[in-house]
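Structural features, examined
Given next are the chains, with one letter for each unit.
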Amino acid sequence: YIYNGIDPETYSSLNKREEKRNFFLSLGDTKPIKGHKLAIELAKEIGEDMGLDLVIAGEPCYDVSREYFEREISPRIDIDFSSNNDKRKFLREIEKGNGLGKGRVIYFGSANDKEKSILLRYARFTQFLGNLEVPGNIEACPNVPLESILSGTPVLGVKGSVTEELVDEGITGFNICLLYTSD
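Scope of this entry: the structure provided in the associated data block. Just so it is clear, the model here is predicted, and its values are computed rather than measured.

What follows is about the nonpolar core. Within the largest apolar cluster, 22 residues are counted, with the highest numbers of intra-cluster contacts made by F23, L25, V55, F90, I94, F108 and L119. Only β1 (23-27), β2 (53-57), α4 (84-96), β4 (105-109) and α5 (113-122) provide two or more residues apiece to this core. Ignoring any residue separated from it by four or fewer positions in sequence, one finds L25 in contact with L54, V55, A57, L119, L120, A123, F125, T126 and Q127.

Below, the structure is given as structure tokens:
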């Protein structure tokens with residue numbers, strides 16, 4: 001056992017592929033090491049063609065997070081469901097399978113364990129691309145990929161990051177490698 005504050009029962013579900021909805025999830029504090037900006041770029045690039053929305057669940061908790069959110073995230077949000085009434089309505093729509101898959105960036109705001117478990121249950125995958133935005137092995141034991149794997153939701157991670165140790169390639173997710181070229 002790794003005692004990291006995650007109760008496996010919170011995220012374990014009978015998660016079937018047919019329950020997945022047309023969105024992927026970007027979860028965590030809105031700071032660069034969480035990869036939200038890259039997730040937005042991915043959603044804008046492939047979301048409409050593949051019928052996927054991006055749901056961002058997290059909020060800026062620190063000064064650096066607020067600056068990043070205001071500069072990189074907020075201007076790209078298509079729909080804001082961060083008020084409590086909107087969150088409940090949105091989660092009901094997710095559970096019904098309504099209105100998703102149009103290539104939009106949807107901001108959920110902070111999510112408690114119950115809300116996260118619903119989002120994780122229905123997400124096609126969670127992204128953990130922070131290492132592409134901020135180089136280096138930035139989190140030693142990240143909760144997001146662990147919660148996602150416990151939920152039966154694949155993780156999209158980065159080769160050379162901690163997700164390489166957590167993800168069983170092709171089974172619990174994928175680790176990508178991008179080649180950088182200089183101009």
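Quick look at the packing of aromatic side chains now. Using the criterion set out here, one finds four aromatic pairs in the structure. Pairing F69 with Y107 gives two aromatic rings, centres 5.2 Å apart and planes at 50°, and the pair type is tilted. With F69 in helix α3 (residues 63-73) and Y107 in strand β4, the pair connects residues that are 38 residues apart, well separated along the chain. When the ring of F90 is compared with that of F108, the centres are 6.2 Å apart and the planes differ by 45°; the resulting orientation is tilted. Pair noted here: F90 is in helix α4 and F108 is in strand β4, with a separation of 18 residues, a long-range link. Judged by relative accessible area, which is 0%, F108 ranks as buried.

For the rest of this paragraph, the subject is the packing of α4 against α5. Where α4 contacts α5, the axes come no closer than 10 Å and their chain directions differ by 30°. Relative to α5, the element α4 lies roughly parallel. In the crossing of α4 with α5, the sense of the turn from one axis to the other is left-handed. Here α4 contributes K87, F90, L91, I94 and E95 to the contact with α5, which in turn contributes E115, I118, L119 and Y122.

We now examine helix α2 (residues 36-50). An α-helix turns once every 3.6 residues. As a result, residues three or four positions apart point the same way. The largest bend along α2 reaches roughly 40° and is located at K44. For α2, the full list of buried residues reads H36, A39, I40, A43 and G47. Following α2 by one or two positions, G51 has its phi on the positive side, about 70°.

On to a positive patch on the surface, then. Residues R88, K89, R92 and K96 make up a contiguous surface patch of positive charge. Looking at the element boundaries, R88 is found in helix α4. In this structure R88 comes out as partly exposed when scored by relative accessible area, which is 44%.

Next up on the list: the side chain of E72. Mapped onto the secondary structure, E72 falls in helix α3. At a separation of 3.1 Å, a polar atom in the side chain of E72 contacts the side chain of R71. Sequence-distant contacts of E72, that is, excluding residues within four places in its chain, are made with K37 and I40.

What counts and how
Residues numbered from 1 in each chain as written. Predicted model: local features only at pLDDT ≥ 70, side-chain atom pairs only at ≥ 80, totals over all residues. Heavy atoms only, no water. Core = buried A, V, L, I, M, F, W, Y, C linked by side-chain atoms within 4.5 Å. Buried < 20%, exposed > 50% of the residue type's maximum accessible area, 1.4 Å probe, protein only. Helix = DSSP H or I, 4+ residues; strand = E, 2+ residues; numbered from the N terminus. Contact = heavy atoms within 4.5 Å. Phe/Tyr/Trp six-rings, centres within 6.5 Å; stacked < 30°, edge-to-face > 60°. Axes fitted to C-alpha atoms, helices over the stretch in contact; angles between N-to-C directions. Parallel < 35°, antiparallel > 145°, perpendicular 65-115°, else oblique. Left-handed = near helix turned anticlockwise from the far one by under 90°. Bend = angle between axes of the 7 residues up to and from the residue. Patch = residues over 30% accessible without salt bridge, like charges linked within 9 Å, V, L, I, M, F, W, Y side chains within 5 Å. Areas by Shrake-Rupley, 256 points an atom, 1.4 Å probe, with all protein chains shown as cover. Salt bridge = Lys/Arg side-chain N within 4 Å of Asp/Glu carboxyl O. Lys, Arg positive; Asp, Glu negative; His and termini not counted. Charge placed at Lys NZ, Arg CZ, Asp CG, Glu CD. Polar contact = N/O pair within 3.5 Å; in protein donor to acceptor, adjacent residues only side chain to side chain.

These values are about where atoms sit, not about what they do.
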